[in-house]
There are 4 protein chains.
Amino acid sequence: MKRGFASDNNSGIHPEILRAIDSANEGHAVGYGGDPVTEMAVQRFKQEFGEDIEVFFVFNGTGANVLGLSTLTHSFNSVICADTAHIQTDECGAPEKFTGCKLLPVETIKGKISPVGIRRYLHGFDFEHHSQPKIISISQVTELGTLYTVEEIRAITDLAHEYGLYVHMDGARLANAAVALDLPFRAFTVDAGVDVLSFGGTKNGMMMGEAVVFFNPELTKNTKYIRKQSMQLYSKMRFVSCQFLAYFNDELWKKNATHSNKMARLLEQEVKKIPTIQITQEVKANGVFAIVPSKIIPQLQEKYFFYVWDEQRSEVRWMTSFDTEEEDIINFAALIKSLV
Amino acid sequence: MKRGFASDNNSGIHPEILRAIDSANEGHAVGYGGDPVTEMAVQRFKQEFGEDIEVFFVFNGTGANVLGLSTLTHSFNSVICADTAHIQTDECGAPEKFTGCKLLPVETIKGKISPVGIRRYLHGFDFEHHSQPKIISISQVTELGTLYTVEEIRAITDLAHEYGLYVHMDGARLANAAVALDLPFRAFTVDAGVDVLSFGGTKNGMMMGEAVVFFNPELTKNTKYIRKQSMQLYSKMRFVSCQFLAYFNDELWKKNATHSNKMARLLEQEVKKIPTIQITQEVKANGVFAIVPSKIIPQLQEKYFFYVWDEQRSEVRWMTSFDTEEEDIINFAALIKSLV
Amino acid sequence: MKRGFASDNNSGIHPEILRAIDSANEGHAVGYGGDPVTEMAVQRFKQEFGEDIEVFFVFNGTGANVLGLSTLTHSFNSVICADTAHIQTDECGAPEKFTGCKLLPVETIKGKISPVGIRRYLHGFDFEHHSQPKIISISQVTELGTLYTVEEIRAITDLAHEYGLYVHMDGARLANAAVALDLPFRAFTVDAGVDVLSFGGTKNGMMMGEAVVFFNPELTKNTKYIRKQSMQLYSKMRFVSCQFLAYFNDELWKKNATHSNKMARLLEQEVKKIPTIQITQEVKANGVFAIVPSKIIPQLQEKYFFYVWDEQRSEVRWMTSFDTEEEDIINFAALIKSLV
Amino acid sequence: MKRGFASDNNSGIHPEILRAIDSANEGHAVGYGGDPVTEMAVQRFKQEFGEDIEVFFVFNGTGANVLGLSTLTHSFNSVICADTAHIQTDECGAPEKFTGCKLLPVETIKGKISPVGIRRYLHGFDFEHHSQPKIISISQVTELGTLYTVEEIRAITDLAHEYGLYVHMDGARLANAAVALDLPFRAFTVDAGVDVLSFGGTKNGMMMGEAVVFFNPELTKNTKYIRKQSMQLYSKMRFVSCQFLAYFNDELWKKNATHSNKMARLLEQEVKKIPTIQITQEVKANGVFAIVPSKIIPQLQEKYFFYVWDEQRSEVRWMTSFDTEEEDIINFAALIKSLV
């Protein structure tokens, strides 16, 4: 299918990733992560995030988020998150179903939450009638393609820790964030006070696979059981682990994310030239949000698949990915121009 | 790693499967199953099982079982199964956690359950204090490497339907069963009265992927939500779907299963020659169960990875797979011989 | 203990209710609701709400709400409610834990939600990533002591039904609402389009007991199992049923609620005379909300137990009940006056 | 209704209990257990079981069992119990639904489980595929009216503790056990190694109310939230607490249980005289199990309500209670005699 702008998960597998799967496909390997490839992949995460972590590989992003949240909560807890968070709007209630917790949505500004909005949920501690707040969850990159600065993250983690809460980061697009911030992963995760991280791979060139990285290893003594019970334990684990090795090797993650971020900026530039299109969010990573004349949307979608983000505002979301080509952008922008 | 006998999921990916992934890796595809490869794969299942089915692809066997059970139950139901069933002993309580149902274990004879054992749970209908029986779940091949005949399955499905229950079949090794019975899949599933099937791919040469096949499509109007909420919806679905296409193409499933069953029989023959080893189960598919002198187990395991099935009886389980080679069997048997 | 203003559930048991328990305490009775007293109580509800209902008695308000919600949802559904709703803020996540559903809070005006706020959640239907909206839940009386008019309820139920949703009413203080609206129960419940009702007894003079009234009996074929599994089935049911009979007899419910509403208005009047106190909500039923100088709150609480509703605004909640006496109000108002 | 033999919960409220409710019904009381009556009741439990306990009052037996199990487990744990246990057969799956755990039934001898049967489930520790055993649950009195001796309990608690498991006792009929054993409660609970106890009141003369007694208080820091989330927190708590005070006062519990046990023995004696009736279980407490000619069962049930325990064996269960009268037994036995 023609490359479109629906989602970075409409993209394929980066050739280096596929090569790694092929290479790992030799002989037998102990199942469920007891193999040497998995051990190497875990070590690679330790290089990135420090020795004092625990890493668990899972199938998908929802699984990663749920495993992170489950490990750190009881069913009587609550999870504070953006009202646009993936866990709030796009996981069909998996977090509630599996953790039993209440999710408390905070209104966002530029796709982000901040202490002001969070604070109104920080009450009722020790009061048995009240779901006990335990986690603040933020997405980096956010669902609106924007970014938290290190200072913004630190403000949230400090607040969380002051009240005895943990901070979860949904990093489905963590590589795009690292590139945009021009920082190593750890600078805006563990070093900024994050407690548990969903580290995404699928959206940035992997075939599938996410990692849940815990920065308080002492909290993870039950995580292996939770992973199994949440149906996220892969038998032939080596074939996810090898992808992560390839992902880190030669900084493939960075190349991919750099490219896809660049493509988003190019799209932004091209589209900005078209008078009737209004960019609605800062383009920091690989997403472009724009208000477009509603009548051209179906015509555009005939040629390029993408989602309407907010029907009422006629706001659309265009995602770029590692395999987007400049030509795709140019042609797409030209089509828009011709339609308005 | 050297090929061992721990599990058929210690094996790798069949080259044809990997080639299919490579071929599917072109351009973009709509996510979550809205792509043409998935549509083709679904059609392929309909060729196999008839038009009147619904198919849902998932990541792994536990996910497949839970999706099938969840679709057909409410939390106040019970699921009757073998006391050796994977859902009872190897899924860390995923079925209970996700469905809320009670699992009722039936003692097995040769790894199988039958109406006699099932009947004692068929009471308490309409009595609100009692978990309402709703599903009988059987595994084909069983966890002990044995097989239900069509007649045995029919006896169970007739009983189930008489009482308004559904029958779930855990077919993690369905291909091995089809080969051993020398029957098409449908002959001992839908045509024998089975209502929902976990159709396994991972253990027989696929990289990963299982299918849940429903033979009462009218029962599946909620299944897509359940799959998402149970964290089993794969974004880049085409890369599972293409594996199923390759799996059916040129009957790869049959070649693989035929080979692995053959290897199990060879192992049985070789081992039978060794006086102190006692084969404990009929070798019908790709598993060999044997009582071996306990003192040689650690020595054997140094060279070949496998599991002890029953410590007290000193009973071990040896699984063969599509990539087991004759030489592996000969060498392994020779090692046993040399140790006893 | 001195009568205070903390909650109408700090009150005791009305003597007529206790007399009914005493009268029902003769001989044996079939357990779990199979007794004639329960049958009579169910009939009494039918007189009130029409023949075409199903009624289930439970222990407490949280149990009632959860039983109503569970009966009408699957775990992949969402429940739209006020951000001040009891199910959202005071049940420690019981609805999420037991139903698996997502709760979606709507901001309130005068304690009430309306179609404008609700509509923003009415999207994503048929989209598997999205918790499917299934219930709108409103409280009558609201948690802020205000009331929905019949027209306001009708606007919500019409909207709900247009989208295929059900409407749940949390009627923990339904009697206070009926008295304040001067309407029979059915006029603002079933006749206004409500689908399921938590009918409260405990807060208005009963020892304990709530009823879940379903106005679509065909939806309740599983409710008896859900009640049992949710631990809300009382063995000696006659002792709740007899309370409901007494509650309806001679309109005890109306006498009690009329009195407690009257006491709230008296408190409002008395307190209004005190310059530094600001009443913050219309006093429609038996709750008075007021901003009081924060420094006098502890002094007041020494003598009369009540809750601070909003610490930051220094807003308190004073509830009256069936056994509040005029003297209590006069003395309390006098104390406030003396302290400010 | 005529007194029958269906269940001890078909009985009414002992007059002393009702008097206590009446006495507690004065003025207001802080809700949810913050009242002085509840404090006194807790102290009374400490007199009985020692200072180092935590007690939580709940509505009913299922709620008590689930609160005890939930407090001590994670969802990936398993609970080992008798195949006749109330939690296994009579709670409609509430334990699975609320805890997420797997229940593992052990076959019983004389209604009891023992280390031999339990041991087969004590494996798979630390193995992530396996629900981790965490609780052994026993009922005292058992569901078959039999009793564990202190030594038998100790054998189970020792085994449990050796493997890091806890022991839960379902004491719905604990008073009947204490009387039958002629021991104080603590001798066969905390002093015999039990970790958490469901202490029943409803079946022995209370209107309603059970207590969950934890003998490891350090394990209960979350229990108050779990009680609320499991819908077992009673707002007007004083009216359960006062019942427990009356229950302990003048050893009302002992009088009631002594009487009901005596009635069961009388029934046994009378029935033993009838040749065609075969008593099937030792009559230790207040239940009599007997095989009776199947044709007379409906005739008997016309006059006296009771349950058939095992249809195939034509075995019935007759329960006596605190309010059973000698005359009831004599008349019932005479009726049986006349029918056979």
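Sequence order as written defines residue numbering, which begins from 1 separately in each chain. To label them, take the chains in the order written and letter them from A, then take the ligands in the order written and number them from 1. A pLDDT threshold of at least 70 governs which residues receive local features in this predicted model, and a stricter bar of 80 or more applies before side-chain atom pairs are shown or counted, although totals over entire chains, interfaces and linings include all residues. In computing side-chain properties, one takes all heavy atoms of the structure into account and sets aside hydrogens as well as water.

Undergrad: How should I be thinking about the interface of chain A and chain C in this particular structure?
TA: Reports of interface size often rely on the accessible area that becomes lost once the parts have come together. On the side of chain C, 23 residues touch chain A, which itself brings 23 residues to the contact. Throughout, buried area stands for the accessible area (probe radius 1.4 Å) lost by two parts on being put together, summed over both. Buried area between chain A and chain C, summed over both chains or domains, comes out near 1,800 Å², and the portion from carbon and sulfur atoms is 46%. For the chain A face of the interface with chain C, the top three residues by lost area are A:Cys92, A:Glu96 and A:Lys102, together amounting to 30%. Within this document, salt bridges are pairs made up of a side-chain nitrogen of Lys or Arg and a carboxyl oxygen of Asp or Glu, the two lying within 4 Å of each other. The salt bridge involving C:Glu96 is made with A:Lys102; its shortest N-O contact spans 2.7 Å. Under this definition, polar contacts are N or O atom pairs within 3.5 Å; protein pairs additionally need one hydrogen-donor-capable and one acceptor-capable atom, and for neighbouring residues in sequence, both atoms have to be side-chain atoms. Applying the counting criterion to the chain A and chain C interface returns 14 residue pairs in polar contact (both at pLDDT 80 or more). The set of elements that each furnish at least two residues to the side of chain A that touches chain C consists of helix 4 (86-89), helix 5 (94-99) and strand 3 (102-106) of chain A. With four residues, strand 3 of chain A is the largest single contributor of residues to the side of chain A that touches chain C. Residue contacts follow a heavy-atom distance rule, with two residues in contact if any of their heavy atoms lie within 4.5 Å. Only DSSP runs of H or I covering at least 4 residues are called helices, and only runs of E covering at least 2 are called strands; the numbering of each starts at the N terminus.

Undergrad: What exactly am I supposed to notice about the nonpolar core here?
TA: The nonpolar side chains of soluble globular proteins are, as a tendency, buried together. With 183 residues, the main nonpolar core has A:Phe45, A:Phe199, B:Phe45 and B:Phe199 as its most contacted residues. Among all residues touching B:Phe199, those that are not within four sequence positions of it are B:Phe45, B:Phe49, B:Gly171, B:Leu174, B:Phe185, B:Glu210, B:Ala211, B:Val213, B:Phe244, B:Tyr247 and B:Phe248. Only buried residues count toward a nonpolar core, which is a set of Ala, Val, Leu, Ile, Met, Phe, Trp, Tyr and Cys residues joined through side-chain atoms within 4.5 Å. Accessibility here uses a 1.4 Å probe with only protein chains present; expressed as a share of the type maximum, an area under 20% marks a residue as buried, one over 50% as exposed, and anything in between as partly exposed. Among the nonpolar cores identified, the runner-up in size contains 182 residues, and A:Phe76, C:Phe59, C:Tyr121 and D:Val240 belong to it.

Undergrad: Would you mind showing me how to read the relation of the copies chain C and chain D here?
TA: Turning one copy of the chain about an axis and sliding it along that axis gives the other copy, so a rotation and a shift relate them. To line up the copies, we fit them by least squares on C-alpha atoms, keeping just the residues with pLDDT of at least 70 in both. Each copy superposes on the other: chain C lies on chain D with an RMSD of 0.0 Å after a rotation of 180° and an axial shift of 0.0 Å. The two molecules are tied by a two-fold rotation axis, judged by turn and shift. Looking at chain C, 100% of its interface residues are interface residues in chain D too, so the copies touch through the same face.

Undergrad: Explain a negative patch on the surface to me, please; I cannot follow it from the model alone.
TA: By definition, no residue in a patch forms a salt bridge, and every one has over 30% relative accessible area; like charges are joined within 9 Å, nonpolar side chains (Val, Leu, Ile, Met, Phe, Trp, Tyr) within 5 Å. Computed with the Shrake-Rupley method and a 1.4 Å probe, the accessible areas treat only the protein chains shown as cover for residues. Think of it this way: Lys and Arg go in the positive column, Asp and Glu in the negative one, and His and the chain ends go nowhere. To locate a charge, take NZ of a lysine, CZ of an arginine, CG of an aspartate or CD of a glutamate. Together, A:Glu51, A:Asp52, A:Glu54 and A:Glu218 make up a region of like negative charge exposed at the surface. Note on A:Asp52: relative accessible area 55%, which makes it exposed.

Undergrad: What is the right way to read empty space enclosed by the protein from this model?
TA: Think of a ball as big as a water molecule: rolled over the atoms, this probe shows where empty space is left. Definitions used for this entry: grid spacing 1 Å over protein atoms alone; cavity, a set of points where a 1.4 Å probe fits but cannot get out; pocket, an open set with protein on both sides within 12 Å along at least 5 of 7 lines; lining residue, one with an atom within 4 Å of a point. Grid points are joined across faces, edges and corners, and a volume is the space filled by probe spheres set on the points. For the coordinates displayed, the defined rule picks out seven cavities of 30 Å³ or more. With three residues, helix 3 (residues 61-72) of chain C is the largest single contributor of residues to the lining of the largest cavity. Split into classes, the residues belonging to the lining of the largest cavity amount to five nonpolar, nine polar and five charged. As a volume, the second largest cavity reaches approximately 100 Å³. Taken together, B:Asp83, B:Pro105, B:Val106, B:Glu107, B:Arg120, B:Tyr121, D:Asp83, D:Pro105, D:Val106, D:Glu107, D:Arg120 and D:Tyr121 form the lining of the second largest cavity. At the level of elements, strand 3 (102-106) of chain B together with strand 3 (102-106) of chain D are the ones that each hand at least two residues to the lining of the second largest cavity. Residue type decides the class: Asp, Glu, Lys and Arg count as charged, Ala, Val, Leu, Ile, Met, Phe, Trp, Tyr, Cys and Pro as nonpolar, and the leftover types, Gly among them, as polar.

Undergrad: So what exactly am I meant to see when it comes to the pairing of strand 4 (residues 132-139) of chain C here?
TA: Within a regular beta strand, the side chains point alternately toward one face of the sheet and then the other, so they alternate between its two faces. All names here are of chain C. By the criterion of burial, strand 4 is predominantly enclosed, with seven of the eight residues buried. Two strands make a pair as long as DSSP finds a minimum of two bridges between them. Here five bridges tie strand 4 to strand 5 (residues 166-171), and the two strands are oriented parallel to one another. Residue pairing across strands places isoleucine 136 opposite valine 167, the latter belonging to strand 5. Remark: the strand 4/helix 7 (residues 150-162)/strand 5 crossover connection has right-handed handedness. If you view a crossover with the strands going away from you and the path from the first strand over the helix to the second runs clockwise, you call it right-handed.

Undergrad: Could you clarify how one ought to interpret the environment of D:Tyr32 in this entry?
TA: Position of D:Tyr32 relative to the elements: it lies in the loop between helix 1 (15-24) and helix 2 (36-49). For the pair D:Tyr32 and D:Leu233, spaced 201 residues apart in sequence, the C-alpha separation works out to 6.5 Å. A polar side-chain atom of D:Tyr32 sits 3.1 Å from a polar atom in the side chain of C:Asn9.

Undergrad: Which parts of the structure should I look at to understand helix 1 (residues 15-24) of chain A?
TA: Every buried residue belonging to helix 1 of chain A is among A:Ile17, A:Leu18, A:Ala20, A:Ile21 and A:Ala24, and all of these are buried. The buried residues of helix 1 of chain A occupy an angular sector of 155° when the element is viewed end-on, so they sit on one face. Note: the arc covers the axis-to-C-beta directions of the helix.

Undergrad: Hey, could you run me through unusual backbone geometry in this one?
TA: In this chain, B:Gln140 is followed by B:Val141 through a cis amide linkage whose omega measures -10°. For A:Ser314, which is not glycine, the phi torsion reads 55° and is therefore positive. Tracing the sequence through the fold places A:Ser314 in the loop between strand 10 (307-310) and strand 11 (315-319).

Undergrad: Would you mind showing me how to read the relation of the copies chain A and chain C here?
TA: Between chain A and chain C, which share one sequence, the superposing operator has a rotation angle of 180° and an axial displacement of 0.0 Å; the RMSD is 0.0 Å. A high fraction, 100%, of the interface residues of chain A reappear at the interface in chain C, so the copies pair face to face through one surface.

Undergrad: Just checking my understanding: could you explain the interface of chain C and chain D for this structure?
TA: Listed as interface residues are 54 residues of chain C and, on the opposing side, 54 residues of chain D. When the buried surface of chain C facing chain D is broken down by residue, C:His28, C:Met231 and C:Lys236 rank first, second and third, together holding 19% of it. For the pair chain C and chain D, the number of links is zero salt bridges. Along the contact surface separating chain C from chain D lie 38 residue pairs in polar contact (both at pLDDT 80 or more).

Functional significance is not addressed by these values, which are geometric in nature.
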